[in-house]
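# Observations on chain architecture
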Amino acid sequence: MRPFLTLHHPASARRYYEQGSWRNATLYGLLAAHAAARPDAPAARDATRTLSWRALQAWVDGTAAHLCGLGLAGGDRVSIWANSQLEVLVTFLACSRERLACNPSLHRTYTSDEVVTLLEALGSAVLLTEPGWGADRVPDPAARFAGVGALKAVLTPRSFPRPGPPPGEAGTDPDSVVYLAFTSGTTGAPKCVMHSDNTLLANARDLARDWGIDQSTRILSLSPLSHHIAWVAVAQWLVCGGMFNVGEPPPGKTRLDWVIETEATYVLGVPTHAMDVLSQQRERGVERLGSVRTFYMAGSPIPPVVAEGFARQGIAPQNIYGMTENSSHQYTHPGDPPAIATGTCGRGGPAYQVAIFDPADRDRRLGPGEAGEIGGKGAALMLGYFDNQRATEASFNRDGWFLSGDLGMLDAAGNLSILGRLKDLVIRGGHNIHPSDIEARAVRNPDIRAAAAFGVADDRLGERVCLAVISEATPEAILAHLAAEGLSRYDMPEYILPMSEFPLTASGKILKREIQRQVERGDLVPAPVHYQGAG
């Protein structure tokens, strides 16, 4: 087993095992248990195929044997740059079996040059990809990546291993590194999160227990398998033994079609996914959103119009906050009142503890009702950043709390409200303005489909707020709506930027920084506005 330098600490590990957040089970071990108990039950599906638990395990075993045949040993890295399909899931589970570290976080938006940089940074031994993939649509991946770094093989769906016998006894250590995911850009020295089976499963166990996820649950991730939300879904699937549906619909079908066709009861994505699905539902006059009972949304506040759209159909919104570093640790609970379910990210579960710290003194803990930087610690926390001691060390305060870079506030019951990124804070003449608060109030207007607030440079005040919107509402109507929603006149946008669409990340989140850069370059010109009312 090739070693990793990690944050793994024996005393902490004992505590996590004692509380039940960590257990002696790997991700592959859970697959094998379900295959033994319910071999012919449907386990996983993509756009073209459905596999039983028995068939899935056989394919994973055959793939594990192929990887071992290439000379890979525990701790070696396997990267994935491909569409969301069963081969991705099989590769990940084969890595868990052989204690390899799987890196599925190479997004479709990357160029092959960027992928080469990341493969070399990890020293990846195998790459799973496909022709025509990525920003530059590489026609021949085997030729493009030949001789790159430590690569021994480039696999494609055409050359992918077939089902077969296992190579030997499966690895059983759930505390070694099994998952590697990049969290930042692809230039310079991007950070790569390390997780074990147990750090991934700790959060999944909490979610499955508190939300009643079980063998009858049909899970669908609208986020691609290059994004961490999808692996939160995978971990819950392996905990509960239900059915997992890969989120990419067949050609010619919409997400709404796929939600209905898969009969998904639990759908995971970001609010953009929810808004798109509800919009398609309205346009087509579909009365009920298939069999959905719960809709997970992470990444930004849930607009009330979305929550109401689900509530009318008896669908519970699951409001989530988390990061690749700590999964979906903060979440609302069934039965939470509407104000908590849509206005906060809830109180989460025992696998992760949250506290708020003074941004000016990251060692000083703040109390309920005080805004500051969100910190956390617990069984769901990553094992550090791969080959990056400085980034790992800089992410913690002196008492061992992981500091997120996000601003938030806890109420007396422990429910967390998100105020935005620390670096997104707009400082107008010394006054702090939280963009996420403006955005959350803006999207309560049904005429505003999406909103993104950010700072624009100002010679006198330092910054002023610009609000980009996808809406046909007039600037005056938008300001009046914000005032009616209780926004202080001192926080009012001073520029409005109507847009027909927003640039999005691979996971569907708004690329606010790209909008800001376009304004700075003069490619987009916001209109100046001035709020006239009393506030």
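Residues numbered from 1 in each chain as written. Predicted model: local features only at pLDDT ≥ 70, side-chain atom pairs only at ≥ 80, totals over all residues. Heavy atoms only, no water.

Looking only at helices and strands, the protein features 16 helices and 25 strands. The C-alpha atoms of the protein give 23 Å as radius of gyration, which agrees with the globular expectation for 535 residues (24 Å, within 12%). Each principal axis of the C-alpha atoms in the protein carries an extent, and together these give about 75 × 55 × 50 Å. Looking at the 535 residues of the protein, the share that counts as buried comes to 58%. For the protein, long-range pairs separated by at least 24 residues make up 70% of all intrachain contacts whose partners lie at least 6 apart in sequence. Split by element, the accessible area of the protein, about 21,700 Å² in all, is 50% carbon and sulfur. One way to put it: in the protein the 49 positive side-chain charges average out to a point 3 Å from where the 56 negative ones average out. (Helix = DSSP H or I, 4+ residues; strand = E, 2+ residues; numbered from the N terminus. Rg over C-alpha atoms; globule rule 2.2 N^0.38 Å. Buried < 20%, exposed > 50% of the residue type's maximum accessible area, 1.4 Å probe, protein only. Contact = heavy atoms within 4.5 Å. Areas by Shrake-Rupley, 256 points an atom, 1.4 Å probe, with all protein chains shown as cover. Lys, Arg positive; Asp, Glu negative; His and termini not counted. Charge placed at Lys NZ, Arg CZ, Asp CG, Glu CD.)

A few words on the sheet that holds strand E23 (residues 462-471). The mixed open sheet is built from four strands, whose spatial order is E22-E23-E24-E25. Edge positions in the open sheet fall to strand E22 (448-458) and strand E25 (527-528), since each of these has one partner strand only. Where E22 lies against E23, ten bridges are found, and the strand directions are antiparallel. Note that in E23 the partner of Ala 451 across the bridge is Val 469. Most of the contacts of helix H15 (residues 475-484) go to E23, to which it runs at about 105°, and overall it touches E22, E23 and strand E24 (495-498). Most of the contacts of helix H16 (residues 512-521) go to E22, to which it runs at about 50°, and overall it touches E22, E23 and E24. (Pairing = 2+ DSSP bridges. Axes fitted to C-alpha atoms, helices over the stretch in contact; angles between N-to-C directions.)

Moving on, we come to the packing of aromatic side chains. As enumerated under the stated definition, the model contains twelve aromatic pairs in all. Seen in terms of ring centroids, Phe 396 and Phe 402 are 5.6 Å apart; in terms of plane orientation they differ by 65°. Their pairing is edge-to-face. Both residues of the pair, Phe 396 and Phe 402, belong to the buried class. Among the aromatic side chains, those forming a connected cluster through ring pairs are Tyr 16, Tyr 17 and Trp 22. Across from the ring centre of Phe 145, 5.7 Å away, lies the NZ or CZ of Arg 144, which sits over that ring. (Phe/Tyr/Trp six-rings, centres within 6.5 Å; stacked < 30°, edge-to-face > 60°. Lys NZ or Arg CZ within 6 Å of the ring centre and 35° of its normal.)

Turning to helix H8 (residues 228-240), a few remarks are in order. In an α-helix, one full turn covers 3.6 residues, which means residues spaced three or four apart are oriented alike. Between the first and last C-alpha of H8 there are 19 Å, a value that for 13 residues agrees with the 18 Å anticipated at 1.5 Å per step. Burial of H8 is extensive: twelve of the 13 residues sit out of reach of the surface. Of all the positions in H8, only His 228, Ile 229, Ala 230, Trp 231, Val 232, Ala 233, Val 234, Ala 235, Gln 236, Trp 237, Leu 238 and Cys 240 are classed as buried. Just past H8, the residue Gly 241 takes up positive phi, approximately 80°. (Expected span 1.5 Å × (residues − 1).)

Bridge count for strand E1 (residues 42-45) against strand E2 (residues 50-52) is three bridges, and the pairing is antiparallel. Paired with Pro 42 across the bridge in E2 is Ser 52. Connecting E1 to the next strand, E2, in antiparallel fashion are four residues.

In the contact formed by helix H4 (residues 86-98) and H8, the axes pass within 13 Å of each other and the chain directions differ by 65°. Taken together, the axes of H4 and H8 are roughly perpendicular relative to one another. In the packing of H4 onto H8, the handedness of the crossing is right-handed. Two secondary-structure elements touch here, H4 through Val 88, Leu 89, Phe 92 and Leu 93 and H8 through Trp 231, Val 234, Trp 237 and Leu 238. (Parallel < 35°, antiparallel > 145°, perpendicular 65-115°, else oblique. Left-handed = near helix turned anticlockwise from the far one by under 90°.)

Bringing the sheet that holds strand E9 (residues 218-221) into the picture now. One open sheet holds the eight strands; their spatial order is E2-E1-E10-E9-E11-E12-E13-E14, and the pairing between them is mixed. The sheet terminates laterally at E2 and strand E14 (327-331), the two strands that pair on one side only. If you compare each strand with its neighbour and ignore which way they point, the axes differ by 25° on average. Bridge analysis of E1 against strand E10 (residues 243-245) gives two bridges, and the strand direction is parallel. Considered in E10, the bridge of Arg 45 is made with Asn 245.

For the rest of this paragraph, the subject is empty space enclosed by the protein. Taken as a whole and assessed by the stated rule, the structure comprises one cavity of 30 Å³ or more. Taken as a whole, the largest cavity encloses approximately 30 Å³ of empty space. Along the walls of the largest cavity sit Tyr 321, Met 323, Asn 326, His 329, Tyr 352, Ile 374, Gly 375, Gly 376, Phe 402 and Ser 404, which together make up its complete lining. Of all elements in the fold, only strand E13 (316-323), strand E17 (372-377) and strand E18 (402-410) reach the threshold of two or more residues within the lining of the largest cavity. The leading source of residues in the lining of the largest cavity is E17, at three residues. Taken together, the residues of the lining of the largest cavity break down into five nonpolar, five polar and no charged. (1 Å grid on protein atoms, 1.4 Å probe; cavity = no way out; pocket = protein on both sides within 12 Å on 5 of 7 lines; lining within 4 Å. Points joined across faces, edges and corners; volume = space filled by probe spheres on them. Nonpolar A, V, L, I, M, F, W, Y, C, P; charged D, E, K, R; others polar.)

In a regular helix each residue adds 1.5 Å, so 17 residues correspond to 24 Å; helix H3 (residues 53-69) covers 24 Å between its end C-alpha atoms and thus fits that length. Within H3, burial applies to Trp 53, Leu 56, Gln 57, Trp 59, Val 60, Asp 61, Gly 62, Thr 63, Ala 64 and Leu 67. The elements touched by buried residues of H3 are helix H2 (27-37), E1, E2, H4, strand E5 (126-129) and H8. One or two residues past the end of H3 sits Gly 71, with phi positive at roughly 95°.

Any two side chains of opposite charge can pair, given that their charged atoms come close. Counted according to the given criterion, the structure contains 27 salt bridges. Note that Glu 87 is salt-bridged to Arg 49, the shortest N-O span being 2.9 Å. Pair noted here: Glu 87 is in helix H4 and Arg 49 is in the loop between E1 and E2, with a separation of 38 residues, a long-range link. Relative accessible area serves as the criterion here: at 5%, Glu 87 is assigned to the buried category. Where Arg 449 meets Asp 276, a salt bridge forms, and the shortest distance between an N and an O atom there is 2.3 Å. Here Arg 449, found in strand E22, pairs with Asp 276, found in helix H10 (residues 271-284); they are 173 residues apart in sequence, far enough to count as distant. Each member of the salt-bridge network shares a partner with another, and the members are Arg 428, Asp 458, Arg 464 and Glu 494. (Salt bridge = Lys/Arg side-chain N within 4 Å of Asp/Glu carboxyl O.)

Keep in mind these numbers describe shape, not what the thing actually does.
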